[in-house]
Amino acid sequence: MADDDDVDLLIDSWSDRLESVDLTPLDVMSRLRRAAIALAEVRHDVFKEAGLGDGEFEVLAALRRIDPHGVGPTRLLALVTCDITTLKRRIARLLGRGLVNRESASDGARGTIITLTPAGRTRVDATMANLIAREREMLAPLSTDDMTGLERGLRQLLEGAEQSKKRRLGPER
């Protein structure tokens, strides 16, 4: 067909080889994978334009969403998708650029508190606004009803993925 995209061509080629197999999962997941790659590219570009790495934005965004008085590295670690060593490197880079502060805990307890600087707050807010605008562009072909349905379907897909993972790993994990 003239309107076929790469996924349609992929499905057509597999349907010739696996005639008795319903390829709907491959059709859906291939499109989802390609959309995820496109989204990752948009996010990477937005963060790069802001002078941030993906992980650095994640740290700034976590700090912006939580306690304005800052948090310790342990609490921050629970909000980001990296290990403690990577988090420490990200914080060090952000400290060096004046986007976060690291202070001793004020209550006399051992430890440190990480806070956003005014420059960090400005940078993360502007970056988030740009990200939302770029994601809105990606969603422009969809109607409000389409977006609502897509959100609902993705929510169900993620729930199913988590249930499938639990079944595969067994009850002990």
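First, a word on scope: everything that follows refers to the structure included in this document. (Residues numbered from 1 in each chain as written. Predicted model: local features only at pLDDT ≥ 70, side-chain atom pairs only at ≥ 80, totals over all residues. Heavy atoms only, no water.)

Regarding the nonpolar core
One recurring pattern in soluble globular proteins: nonpolar side chains tend to sit buried together. In this structure, Leu52, Leu60, Leu63, Leu76 and Val100 are the most contacted members of the largest nonpolar core, which totals 25 residues. Going through the elements one at a time, α2 (24-49), α3 (54-65), α5 (84-96), β2 (112-116) and α6 (118-139) are the ones with two or more residues in this core. If you tally residues by element for this core, the top one is α3, at six residues. Apart from residues no more than four positions distant in its own chain, Leu76 is found in contact with Val59, Ala62, Leu63, Val71, Leu87 and Ile91. (Core = buried A, V, L, I, M, F, W, Y, C linked by side-chain atoms within 4.5 Å. Buried < 20%, exposed > 50% of the residue type's maximum accessible area, 1.4 Å probe, protein only. Helix = DSSP H or I, 4+ residues; strand = E, 2+ residues; numbered from the N terminus. Contact = heavy atoms within 4.5 Å.)

Notes on the layout of surface pockets
If you roll a probe as big as a water molecule over the atoms, it shows you where there is empty space left. Considered as a void within the structure, the largest pocket measures approximately 590 Å³ in volume. If you trace the largest pocket, you find 18 residues lining it, with Ala35, Leu139, Leu142, Leu150 and Leu154 closest to the centre. Counting only elements with at least two residues in the lining of the largest pocket, the list comes to α2, α6 and α7 (144-169). Broken down by element, the lining of the largest pocket gets its largest block of residues, six residues, from α7. (1 Å grid on protein atoms, 1.4 Å probe; cavity = no way out; pocket = protein on both sides within 12 Å on 5 of 7 lines; lining within 4 Å. Points joined across faces, edges and corners; volume = space filled by probe spheres on them.)

Section: the packing of α3 against α5
Between α3 and α5, the shortest axis-to-axis distance is 10 Å and the interhelical angle comes to 85°. Comparing their axes, α5 and α3 come out roughly perpendicular. Taking contact as the criterion, the partners of Gly55, Glu56, Glu58, Val59 and Leu60 in α3 are, on α5, Leu87, Arg90, Arg93 and Leu94. Grouping the constituent residues of the contact of α3 with α5 by class yields four nonpolar, one polar and four charged. (Axes fitted to C-alpha atoms, helices over the stretch in contact; angles between N-to-C directions. Parallel < 35°, antiparallel > 145°, perpendicular 65-115°, else oblique. Nonpolar A, V, L, I, M, F, W, Y, C, P; charged D, E, K, R; others polar.)

Spatial relationships are all this shows, so hold off on functional conclusions.
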